[in-house]
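Coordinates in review
These are the residues of each chain, in order.
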Amino acid sequence: MRIEEIAVRPAVTAAPGTSIAEAARLMANEAVGCLIIAENERIVGIVTDRDLVVRAIAKRVALDTRVDDIMSMNVIALDAGADIRDALRAFSMHAVRRLPVVVRGKVTGLLSLDDLVVVLSKQFGELTQGVAAQLLFPHAYDEASPPAKVA
Amino acid sequence: MVKGHHIGDPDRKGQVLEARGPDFTAPFLVRWDDTGHETLLFPGTDAVVEHLADQSA
């Protein structure tokens with residue numbers, strides 16, 4: 001399964017010069033926990049609600065400070081055409097909970113670890129459905145396919 | 001090379017395999033030296049790109 005087939009959330013982006021206060025308002029209005037910081041549609045960083053708390057509020061940083069002062073740089077991303085296993089690998093190798101999804105370098109969405117868990121749980125549920133039914137109704141399966149008679 | 005951001009964090013080194021953006025720009029497909037796995041990276045201003053030719057000089 002490819003990343004673009006998963007319900008990837010639209011990414012909310014902000015310019016590097018956005019203030020911390022405006023970034024917080026944007027997160028609240030868009031109901032998201034992170035912003036992709038982009039310049040000319042190119043990712044330059046990422047800032048999360050936790051960054052706002054730990055890097056700004058806890059350190060009494062002025063709320064009109066530019067968000068690029070507290071953002072994380074060196075952003076790991078996923079290609080929209082990559083396989084779901086690439087996402088699993090990226091989440092396991094890098095201590096992140098959200099990965100921007102890109103097409104030819106331009107951000108098109110965001111994949112969260114939670115989204116991935118939901119998709120994998122659903123797939124796992126489908127996989128076990130047949131086995132679960134057999135455990136619950138073993139006789140029904142026996143009657144449906146009686147053993148072949150030998151002449 | 002990507003610098004560690006906290007005390008004790010090691011610098012991470014990797015090899016740029018491809019430029020996936022237009023005109024050889026980011027994101028770069030990077031194979032990390034420490035784990036051997038490959039990811040797309042938008043390098044920050046603290047990342048250093050060294051060309052192989054520079055290392056031989």
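Everything numeric in this text was worked out from a predicted model, so none of it was measured.

**A look at the sheet that holds strand β4 (residues 75-79) of chain A**
Within a sheet, neighbouring strands are paired by backbone hydrogen bonds and run either parallel or antiparallel to one another. What the six strands build is an open sheet, ordered β6(A)-β5(A)-β4(A)-β3(B)-β2(B)-β1(B); its pairing is mixed. Strands at the two margins of the open sheet, each flanked by one partner only, are β6 (106-112) of chain A together with β1 (14-19) of chain B. Here the average twist between neighbouring strands, direction ignored, is 45°. Pairing of β1(B) with strand β2 (residues 28-32) of chain B involves five bridges; the strand directions are antiparallel. Residue pairing for β2(B): B:Q15 is matched across the bridge by B:R31. In this fold helix α3 (residues 84-93) of chain A packs onto β4, β5 (98-103) and β6 of chain A together with β3 (38-42) of chain B, with an angle of close to 170° to the strand it touches most, β4(A).

**Some words on the interface of chain B and chain A**
Opposite the 18 residues of chain B that make contact, chain A presents 16 residues. For the side of chain B that touches chain A, the class distribution of residues is nine nonpolar, seven polar and two charged. With three bridges joining them, β4(A) and β3(B) adopt antiparallel strand pairing. In the sheet register, A:V75 faces β3(B), and the bridge partner there is B:F42.

**Concerning the confidence of the model for chain A**
On average, residues of chain A carry a pLDDT of 89, and 91% of them reach 70 or more. The lowest-confidence element of chain A is helix α5 (residues 138-144) of chain A, averaging 64 in pLDDT; the highest-confidence one is helix α1 (residues 20-30) of chain A, averaging 98.

**Section: the sheet that holds strand β1 (residues 13-14) of chain A**
Residues and elements named next belong to chain A. Ordered in space as β1-β2-β3, the three strands form an open sheet in which the pairing is mixed. Edge positions in the sheet fall to β1 and β3 (42-48), since each has one partner strand and no second. Across six bridges, strand β2 (residues 34-39) lies against β3 in antiparallel orientation. Each residue of the ladder has a partner; that of E39, found in β3, is R42. Those strands touched by α1 are β1, β2 and β3, and its axis lies near 125° from that of β2.

**Re α3(A)**
Here α3(A) has its buried residues at A:A87, A:A90 and A:F91. Along the long axis of α3(A), the arc covered by the buried residues comes to 95°, so they all point the same way. Opposite the buried face of α3(A), by more than 90 degrees, sit the exposed residues A:R85 and A:S92. In this fold, the buried residues of α3(A) make contact with β4, β5, β6 and α4 (113-136) of chain A together with β3 of chain B.

**Quick look at the pairing of β2(A)**
Burial within β2(A) is extensive, with five of its six residues counted as buried. Once β2(A) ends, the chain turns through two residues before running back antiparallel as β3(A), passing A:N40 with a positive phi of about 55°.

**Comments concerning the pairing of β3(B)**
Residues and elements named next belong to chain B. Within β3, four of the five residues are buried, which leaves the element mostly enclosed by the surrounding structure. Where β2 and β3 come together, four bridges link them in antiparallel fashion. The residue of β3 that forms the bridge with R31 is E38. Joining the antiparallel neighbours β2 and β3 is a turn of five residues, in which G36 adopts a positive phi near 80°.

**Description of the confidence of the model for chain B**
Taken as a whole, chain B shows an average pLDDT of 82; of its residues, 77% reach a score of 70 or greater. Among the scores for the predicted complex, ipTM is 0.74 and pTM is 0.79.

**Structural notes on the nonpolar core**
Residue and element names in this part refer to chain A. With 38 residues, the main nonpolar core has I37, A77 and L78 as its most contacted residues. Top contributing element to this core by residue count: β2, with five residues. Apart from the residues lying within four places of it in its own chain, the contact partners of I37 are A14, P16, V44, G45, I46, V47, V67, D68 and M71.

Here is what the cut-offs are and how they apply
- Residues numbered from 1 in each chain as written.
- Chains lettered and ligands numbered in written order.
- Predicted model: local features only at pLDDT ≥ 70, side-chain atom pairs only at ≥ 80, totals over all residues.
- Pairing = 2+ DSSP bridges.
- Helix = DSSP H or I, 4+ residues; strand = E, 2+ residues; numbered from the N terminus.
- Axes fitted to C-alpha atoms, helices over the stretch in contact; angles between N-to-C directions.
- Contact = placed C-beta atoms within 7 Å.
- Nonpolar A, V, L, I, M, F, W, Y, C, P; charged D, E, K, R; others polar.
- pLDDT = per-residue confidence, 0-100.
- Buried ≥ 20, exposed ≤ 12 C-beta atoms within 10 Å, placed from the backbone.
- Arc of directions from axis to C-beta.
- Core = buried A, V, L, I, M, F, W, Y, C linked by C-beta atoms within 7 Å.

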